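Fold and contact review
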Amino acid sequence: MNNFSSTNDHLLERILGSSPNLIYIYNLVHHCNDFANREVLTFLGYTPEQIKLFGPELFQNILHPDDVALVTHHHALLRTIKSDDVLEIEYRMKHASGKWRWLRSRDTPFSRDEEGKVQQILGNAEDITFHKEMEVSLQESEEKFRNLFNNAEVGMFRSRLDGSEFMDANEKYFSILGYTREEIIGQPSLIVWVDLNAREEMVKILKAEGRVENFEFALRTKSGQVKICITSLMVYPVTGILEGSIIDITERKGVENALRESEEKYRRLHESMTDAFVSVNMEGRIQEANRAYQEMLGYSEKELKELTYFDLTPEKWHELEVQITKDQIIPRGYSDVFEKEYQHKDGTIFPVELCIYLVRDHQGQPVRMWGIVRDITERKRAEDSLRQINEELETKVNDRTKEISDQNVKIQEMFFELSHVSRIAVLGQLTAALAHEINQPLGSILNWASTAELILSEKNPDIRKVRQILSHIIDEDERAGNVIRRLRDLIKKESVEREELNVGAVIQDVIALVQIRSVLKDVTFTANIKSGGLMVMGNKVQLQQVVLNLITNALEALSEAAIKQIKILVDIHKPGWVTVSVMNSGPKIDEEHLEQLFKPFHTTKKEGLGMGLFICRSIIQSHGGQLSVYNNPDKGVTFFFSLPILQKKESL
């Protein structure tokens, strides 16, 4: 029957479970109890196992049929009620013994759905069975004692003051004692008394005052059971005859004993709580505080009852607590968990965490508040320590980040230097070809200059021919200058800046440098630049270094090949990407060694550094691309790299 989940709900369950009243939470949607305290079970007389057998239909199964419509209407009103008013109802429920017992229940909304309709109600009920029975007795008395002896709800009798004879009694009296009329009428009344001293006390009162009201005593039934009864009677002094009634309060005594036990359990719970517990009235004066609360603040319970919670709280928190009471506790009956500070008896200020709950009377009026308080000094210290550690850690991380950043700069500088050395090494391999390439225009310039000198030495030189010769000299000079420019661009240390580059133009410059070497080595060199007009964002020198390295490696791979061919292909491999492929007709490479080619210091050359392809892949990756290699289907190897195409910006 219990349906609590959170820590606060569990605490509420413990508090409500120790209440002497019948406390329950009824679900108006599912028509079942979500919670019922121990007093509900005691009132109904069922065991927990019997409750489980009933299942969610418990309430419907034990509700008196004549009260179903009344309770249904009551629940309908609560379902749509907009306020948190308390609605009262009286109805009957069947005890485990089969007896109908009366409840007076005060119900109020406990939870609502998103539309504001009440989902659960909180009920606080009391057993009014006894009062209902007394009402019946009074009604019958008012009807001029109609069928008094046969139908009275209390035992009624007449006997001798000296206890010598039972003169008359009603059926109720007989049912209480377990005797029949024939077994007891005419017998001494002393036979049913357990304590004759108590009877003598009663007789003394009768002789002195003539009557006794609500005198409590014990009777022994025919079976030997002892029952606790209360009697009210009067004596006729002249005749010495007693007339009175008895009420069996054995069950009520059991309830009272159970209530005392419940209160004692509550008291033990109250004192054994590790968290501090305090109860205050609506003016803030402390009414009750457990030992944990007393030890927390250094006051005795007597001293605390002379104070208010404002006396224990530094002034800077007073406005906050007033606001929480106004905004949270009064409207909804409890506060959120919040933090504030307390002042110890010795003046020490320390932090606490607490939650406040509101208690209302039967009319729904706020009467007091109780709170659960926890000293969070150690937690605050731990939080401060953790904050300090985090700050120190953040400082160390920042210092380490700067150190790594500085190291990255140094590594980048070393990479540029190594890249430059690699280019110089590759260009060193092209020395002979470059010398031949430069010597050709220089030789032509010399020949043309000698020819011009001869013409000018003639008596009537042909100036038109001289101009033609000078034009040839200029062309050869530009040819040599282009070779030197390309060589100078590759030798100089590149900057990190990138720019928009025409892929075809970058590759053409490299081809112009290496083509003469391919002729000297008897290599057939072809280039198919289909997408040369496409643009990429990159560093010109770095990309030229990659192409130069790949072509140089291809030339070296053909040194002993029967057929010497190099093909360069530039095309769109997939949408948005341009791919540059360098294919040769040399020997294939073992598949397991293909990826090893890109590792640093891995080389197949006698005098190689093993850094060329590693640098090339690093350059391409820094441009957002990828460099790879595969064996051709027939013969030879293809190195290729892809770069993202620079998208053209639409003009506004």
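A quick note: this is a predicted structure, and the numbers were derived from the prediction, not measured.

So, on to the overall build of the protein chain. Per the secondary structure count, the protein chain includes 20 helices and 22 strands. Long-range pairs, those at least 24 residues apart, make up 54% of the contacts in the protein chain between residues at least 6 apart in sequence. Approximately 37,100 Å² of the protein chain is accessible, and the part contributed by carbon and sulfur atoms is 52%.

Going through the model one piece at a time under the given rule, you end up with ten aromatic pairs. Ring centres 4.5 Å apart and planes at 25° place the aromatic pair Trp 193 and Phe 217 in the stacked group. In this pair, Trp 193 is assigned in the loop between helix 9 (181-184) and helix 10 (196-209) and Phe 217 in strand 8 (residues 211-220), connecting sequence segments 24 residues apart. Phe 217 sits in the buried class, given a relative accessible area of 7%. Ring geometry for Tyr 293 and Tyr 342: centres 6.0 Å apart, planes at 90°, overall edge-to-face. Here the residue Tyr 293 occupies a position in helix 12 (residues 291-297), and Tyr 342 occupies one in strand 13 (residues 338-343), the gap between them amounting to 49 residues. With relative accessibility at 0%, the residue Tyr 293 sits in the buried group. Ring-pair connections join several aromatic residues into one group, and the members of that group are Phe 277, Tyr 334, Tyr 357 and Trp 370.

Turning our eyes to something else, we now look at the sheet that holds strand 4 (residues 100-112). Pairing within the open sheet is antiparallel, and its five strands lie in the order 2-1-5-4-3. Unpaired on one side and paired on the other, strand 2 (32-36) and strand 3 (87-94) mark the two borders of the sheet. Averaged over all pairs of adjacent strands, the angle between their axes in this sheet comes to 35°, without regard to strand direction. Here strand 1 (residues 22-27) pairs with strand 5 (residues 118-127) via six bridges, running antiparallel.

For the rest of this paragraph, the subject is the pattern of salt bridges. Close approach of charged atoms lets side chains of opposite charge pair. Under the counting rule described, the total for this entry stands at 28 salt bridges. When the shortest N-O distance is used, the salt bridge between Arg 104 and Glu 126 registers 3.3 Å. With Arg 104 in strand 4 and Glu 126 in strand 5, the pair connects residues that are 22 residues apart, well separated along the chain. The class of Glu 126 is partly exposed, set by a relative accessible area of 30%. Between Glu 303 and Lys 345 there is a salt bridge; the shortest N-O distance is 3.1 Å.

Here the focus is the sheet that holds strand 10 (residues 241-248). What links the strands of a sheet is backbone hydrogen bonding, and the strands pair in either a parallel or an antiparallel sense. The five strands are arranged 7-6-10-9-8 in an open sheet whose pairing can be described as antiparallel. Edge positions in the open sheet fall to strand 7 (166-169) and strand 8, since each of these has one partner strand only. Across the sheet, the mean angle from the axis of one strand to that of its neighbour is 30°, orientation sign disregarded. Across three bridges, strand 6 (residues 155-160) lies against strand 7 in antiparallel orientation. Of the residues in strand 7, the one forming a bridge with Ser 159 is Phe 166.

If you check helix 14 (residues 318-332), its first and last C-alpha atoms are 21 Å apart, about what 15 residues at 1.5 Å a residue would give, namely 21 Å. Bending of helix 14 peaks at approximately 40° at the position of Thr 325. Buried residues belonging to helix 14 abut strand 13, strand 14 (349-360) and strand 15 (366-375).

Of all hydrophobic cores here, the largest spans 41 residues; its most connected members are Ile 507, Leu 550, Ile 551, Ile 566, Phe 639 and Phe 641. Looking at this core, the elements that each hand over two or more residues are helix 18 (503-520), helix 19 (540-557), strand 19 (565-574), strand 20 (577-584), helix 20 (612-622), strand 21 (626-631) and strand 22 (637-644). Considering every element that reaches this core, the biggest residue donor is helix 19, with eight residues. In this view, Ile 551 contacts Val 510, Val 514, Phe 525, Ile 566, Ile 568 and Val 582; residues no more than four positions away in its chain are not counted.

Moving on, we get to the packing of helix 19 against helix 20. Viewed as axis vectors pointing N to C, helix 19 and helix 20 meet at an angle of 145°, and their least axial separation amounts to 10 Å. In terms of crossing hand, the pair formed by helix 19 and helix 20 is left-handed. In this structure, helix 19 uses Gln 542, Leu 543, Gln 545, Val 546, Asn 549, Leu 550 and Asn 553 to contact helix 20, whose residues at the interface are Gly 612, Leu 613, Ile 615, Cys 616, Ile 619 and Ile 620. Of the residues that constitute the contact of helix 19 with helix 20, the class distribution is eight nonpolar, five polar and no charged.

Here the phi dihedral of His 31 falls at roughly 55°; this positive angle occurs in a residue that is not glycine. Within the chain, Asn 214 stands out as a residue other than glycine whose phi angle is a positive 50°. Position of Asn 214 among the secondary structure elements: in strand 8.

What follows covers helix 19. A turn of α-helix holds 3.6 residues, and therefore any two residues three or four places apart point the same way. In this model, helix 19 (18 residues) spans 26 Å end to end at C-alpha, consistent with the 26 Å of a helix rising 1.5 Å per residue. With 15 of 18 residues buried, helix 19 lies mostly within the body of the structure. Two or three places before Gln 542, at the start of helix 19, stands the capping residue Asn 539, its side-chain oxygen 3.0 Å from that residue's backbone nitrogen.

Let us now look at the pairing of strand 11 (residues 276-281). Most of strand 11 is tucked away: six of the six residues are buried. Here strand 11 hands over to strand 12 (residues 286-289) after four residues, with Gly 284 in that stretch at a positive phi of 95°.

For the rest of this paragraph, the subject is the side chain of Thr 638. Structurally, Thr 638 can be placed in strand 22. At 2.4 Å, the side chain of Thr 638 forms a polar contact with the side chain of Asn 632. Thr 638 has contacts with Ser 581, Val 582, Met 583, Ser 628, Val 629, Tyr 630 and Asn 632, leaving out every residue within four places of it along the chain.

All right, on to the environment of Arg 79 then. Turning to its location among the elements, Arg 79 is positioned in helix 5 (residues 68-80). Along the backbone, Arg 79 and Pro 109 are 30 residues apart, and their C-alpha atoms lie at a distance of 8.2 Å. Only 2.4 Å separates the side chain of Arg 79 from the backbone oxygen of Val 118, close enough to count as a polar contact.

What counts, and where the lines are drawn
- Residues numbered from 1 in each chain as written.
- Predicted model: local features only at pLDDT ≥ 70, side-chain atom pairs only at ≥ 80, totals over all residues.
- Heavy atoms only, no water.
- Helix = DSSP H or I, 4+ residues; strand = E, 2+ residues; numbered from the N terminus.
- Contact = heavy atoms within 4.5 Å.
- Areas by Shrake-Rupley, 256 points an atom, 1.4 Å probe, with all protein chains shown as cover.
- Phe/Tyr/Trp six-rings, centres within 6.5 Å; stacked < 30°, edge-to-face > 60°.
- Buried < 20%, exposed > 50% of the residue type's maximum accessible area, 1.4 Å probe, protein only.
- Pairing = 2+ DSSP bridges.
- Axes fitted to C-alpha atoms, helices over the stretch in contact; angles between N-to-C directions.
- Salt bridge = Lys/Arg side-chain N within 4 Å of Asp/Glu carboxyl O.
- Expected span 1.5 Å × (residues − 1).
- Bend = angle between axes of the 7 residues up to and from the residue.
- Core = buried A, V, L, I, M, F, W, Y, C linked by side-chain atoms within 4.5 Å.
- Left-handed = near helix turned anticlockwise from the far one by under 90°.
- Nonpolar A, V, L, I, M, F, W, Y, C, P; charged D, E, K, R; others polar.
- Polar contact = N/O pair within 3.5 Å; in protein donor to acceptor, adjacent residues only side chain to side chain.

Functional significance is not addressed by these values, which are geometric in nature.
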